[in-house]
Amino acid sequence: MNSPTQNISVIVGAQWGDEGKGKITDFFAGDTDYVVRFQGGNNAGHTVIVNDEVFKLHLIPSGVLYSKPVSIIGNGVVVDPKVLINEIGELQKRGIDPNLSVSDRAHVIMPYHIDMDAALTQHQDQLAAGSTKRGIAPVYADKMYRHGIRMIDLLEPEVFKEKLTKAYTFNKNLIEQALGGKVAMSLDAIYSEYLGYGERLKKYIADTAVILYEAKKSGKSILFEGAQGTSLDVDHGIYPHTTSSNTIAGGIASGSGLSFTKIDKIIGVAKAYVTRVGISPFPTEIDDNFAKLIRDKGDEYGTTTGRPRRVGWLDLVQLRQTVRVHGLTEIALIKLDVLNGIAELPVCTAYNINGKKINEIPASLTEYRSATPVYNTLPGWKTLSSDPDQDFKTLPKNVLNYIDFIEHEIDCRITIVSVGPQRHQTVLR
Ligand code: GDP
Ligand code: IMO
Ligand code: MG
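Bear in mind that the values here come from a model prediction, so they are computed numbers and not experimental data.

(A) Structural detail: the coordination of the magnesium ion (ligand 3). For the magnesium ion (ligand 3), the full set of protein donor atoms is Asp 18 (OD) and Gly 45 (O), and the range of their distances to it is 2.0 to 2.2 Å. Here Asp 18, found in the loop between strand E1 (7–13) and helix H1 (21–29), pairs with Gly 45, found in the loop between strand E2 (34–37) and strand E3 (46–50); they are 27 residues apart in sequence, far enough to count as distant. Residue classification places Gly 45 among the buried positions, given a relative accessible area of 10%.

The following block contains the structure:
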């Protein structure tokens, strides 16, 4: 049976977030018709650098710098309308007027979600994830409780009042009476402020599942941009130290409403080492001078919160799971330039747990807490250039050796190598 040419591609985080999804999405987005976010919210911070101009995107997909692609914020995303209005305004100031549609079914982050996030993090203490305090867990929880506010509700004053009253009372009682926190805004103030946001965002609110369906039917190309990373996935990550959405490629159908039988490419973006912002055990964490060296050279400070990122050696147990759960077709390996000059690079190929060698991440928190890395040490390189015009085959021998070792261990090809933060500092195989 003949079907129109389809081109559905996906870019996802292979580790703990901040792998460089924004950079790689931007690199491919210029030729794409639609770029789509399908989960997460403004806990994400995606950096795109073009001609030394830095863009930090939290909600709008990283294809927005080009005129061709339509930007879609799907129903699985949680939207803080204040942040979205700001982001649109900042782009407009820089001469970019986003061609954007936001799902009418996307849930709205309300001020009490942010209050709840603070109270919850305090309550959960060492079992928290060290959230970005953007209200992510509470907004997804309200969605599941079924008193969440959706974008469409901001356009319907009666329904909004009805739902807000329920959600507000529920959250206020929980925050103030059970968790000892404080809700800052009154119901009336929220009601009028958020109706105002609805009015300002009205022209962007649409049934994005229908838009994507029509796009796919007419053979347009669609690129999905993940937020966060595998180890933060609420089902497959290091629970409870995760975010509250499915970050894996399997979340695309539910998070966008687009059904498909074939995805052409699922690219996992991985750093050549590992970083982590927030709380959780971290088997390959480095706590000596190398951590500081890599943090400073790699500018490893959170895009969203500015927190210093914890740094560790590459963890192939983590990447093995990533290849499997996303069904990766390939990997983009990022920030190899940051490792320039380190003589020896330990790479974790397995964990030692209670004297046993384990190749997959255990579900048991007790086991994961006690996991120590089994390392293979590979020779480093000194001379990787950030020149955009180099050929994959002429990369330094020890870089090719590092790539070869990873591919062999996790059974996935590395087809893209990033040698600097700029759009074109990208080498294709
Ligand atoms: P995302 O959340 O996955 O989009 O990643 P972030 O933007 O939060 O963090 C990635 C950081 O690495 C950003 O500051 C990028 O500018 C930077 N970056 C991306 N690729 C490279 C690279 O190959 N080399 C260097 N030195 N920096 C890179
Ligand atoms: P991008 O898309 C790195 C982390 C937080 C915390 C946990 C839960 O830029 O890669 P949340 O606010 O979601 O409830 O926090 O997840 N986290 C991220 N870490 N990059 C991100 O996004 C992140 N989004 C959330 O630090 O540990
Ligand atoms: Mg980020």
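Continuing now.
(B) Region of interest: the site of ligand 1. Taken together, 20 residues lie around ligand 1, and Gly 20, Lys 21, Thr 47, Asp 337 and Ser 418 are the ones closest in. Taking 580 Å² as the accessible area of ligand 1 by itself, protein coverage stands at 94%. When contributions to the shell around ligand 1 are tallied by element, the ones reaching two or more residues are H1 and E3. In the shell around ligand 1, the residues fall into five nonpolar, eight polar and seven charged. If you count residues domain by domain, the shell around ligand 1 takes at least three from each of domain 1 (8–103 + 205–265) and domain 3 (269–428).

(C) Focus on the sheet that holds strand E9 (residues 205–206). If you walk across this open sheet you meet the ten strands as E9-E7-E5-E2-E10-E1-E11-E14-E18-E19, and the pairing is mixed. Edge positions in the sheet fall to E9 and strand E19 (426–428), since each has one partner strand and no second. The sheet contact formed by E1 and strand E11 (residues 265–271) spans five bridges and is parallel. Residue pairing across strands places Val 12 opposite Gly 268, the latter belonging to E11.

(D) Structural detail: the environment of Lys 220. Looking at the element boundaries, Lys 220 is found in the loop between helix H7 (208–217) and strand E10 (221–225). For Lys 220, a relative accessible area of 37% gives the class partly exposed. Between the C-alpha atoms of Lys 220 and Ala 253, which are 33 residues apart in sequence, the distance is 17 Å. Dropping the residues within four chain positions of it, Lys 220 is found in contact with Asn 7, Asp 33, Tyr 34 and Ala 215.

(E) Fine view of the packing of aromatic side chains. Throughout the structure, instances matching the rule amount to ten aromatic pairs. For the ring pair Tyr 351 and Tyr 368, a centre distance of 6.1 Å and an interplane angle of 70° mean the geometry is edge-to-face. On the criterion of sequence distance, the pair formed by Tyr 351 in strand E15 (residues 344–353) and Tyr 368 in helix H11 (residues 365–370) is long-range, its members being 17 residues apart. In this structure, Tyr 351 and Tyr 368 share a single accessibility class: buried. Pairing Trp 381 with Tyr 402 gives two aromatic rings, centres 5.2 Å apart and planes at 70°, and the pair type is edge-to-face. Here Trp 381, found in the loop between strand E17 (372–379) and helix H12 (397–410), pairs with Tyr 402, found in helix H12; they are 21 residues apart in sequence, far enough to count as distant. Under the relative-accessibility criterion, Trp 381 is labelled buried at 3%. Among the residues examined, Tyr 402 registers a relative accessible area of 2% and is labelled buried. A cation over a ring is seen here: Lys 161 above Tyr 191, with NZ or CZ 4.3 Å from the ring centre.

(F) Quick look at the site of ligand 2. For ligand 2, the set of nearby residues contains 22 residues, the closest of which are Lys 21, His 46, Ala 129, Thr 132 and Thr 243. Within the backbone of Ala 129, a nitrogen or oxygen atom sits 2.5 Å from an oxygen atom of ligand 2. Its residues assigned to classes, the shell around ligand 2 comprises seven nonpolar, eleven polar and four charged.

(G) Highlighting the domain arrangement of the chain. Partitioning the chain into domains gives domain 1 (8–103 + 205–265), domain 2 (107–201) and domain 3 (269–428). The C-alpha centroid of domain 3 is placed 37 Å from the C-alpha centroid of domain 2. The partner domain 3 presents eight residues to the nine residues of domain 2 that form the contact. Summed over both partners, the interface of domain 2 with domain 3 comes to about 550 Å²; 51% of that surface belongs to carbon and sulfur atoms. A per-residue breakdown of the area domain 2 buries against domain 3 is headed by Ala 129, Gly 130 and Arg 134, which together make up 49% of the total. There are zero salt bridges connecting domain 2 and domain 3. Applying the counting criterion to the domain 2 and domain 3 interface returns two residue pairs in polar contact (both at pLDDT 80 or more). Partitioning the side of domain 2 that touches domain 3 into residue classes produces three nonpolar, four polar and two charged.

About the cut-offs
Residues numbered from 1 in each chain as written. Chains lettered and ligands numbered in written order. Predicted model: local features only at pLDDT ≥ 70, side-chain atom pairs only at ≥ 80, totals over all residues. Heavy atoms only, no water. Donors = N, O, S within 2.8 Å, 3.2 Å for Na, K, Ca; no water. Helix = DSSP H or I, 4+ residues; strand = E, 2+ residues; numbered from the N terminus. Buried < 20%, exposed > 50% of the residue type's maximum accessible area, 1.4 Å probe, protein only. Near = heavy atom within 4 Å. Areas by Shrake-Rupley, 256 points an atom, 1.4 Å probe, with all protein chains shown as cover. Nonpolar A, V, L, I, M, F, W, Y, C, P; charged D, E, K, R; others polar. Domains from an automatic or database assignment. Pairing = 2+ DSSP bridges. Contact = heavy atoms within 4.5 Å. Phe/Tyr/Trp six-rings, centres within 6.5 Å; stacked < 30°, edge-to-face > 60°. Lys NZ or Arg CZ within 6 Å of the ring centre and 35° of its normal. Polar contact = N/O pair within 3.5 Å; in protein donor to acceptor, adjacent residues only side chain to side chain. Buried area = accessible area lost by both parts, 1.4 Å probe. Salt bridge = Lys/Arg side-chain N within 4 Å of Asp/Glu carboxyl O.

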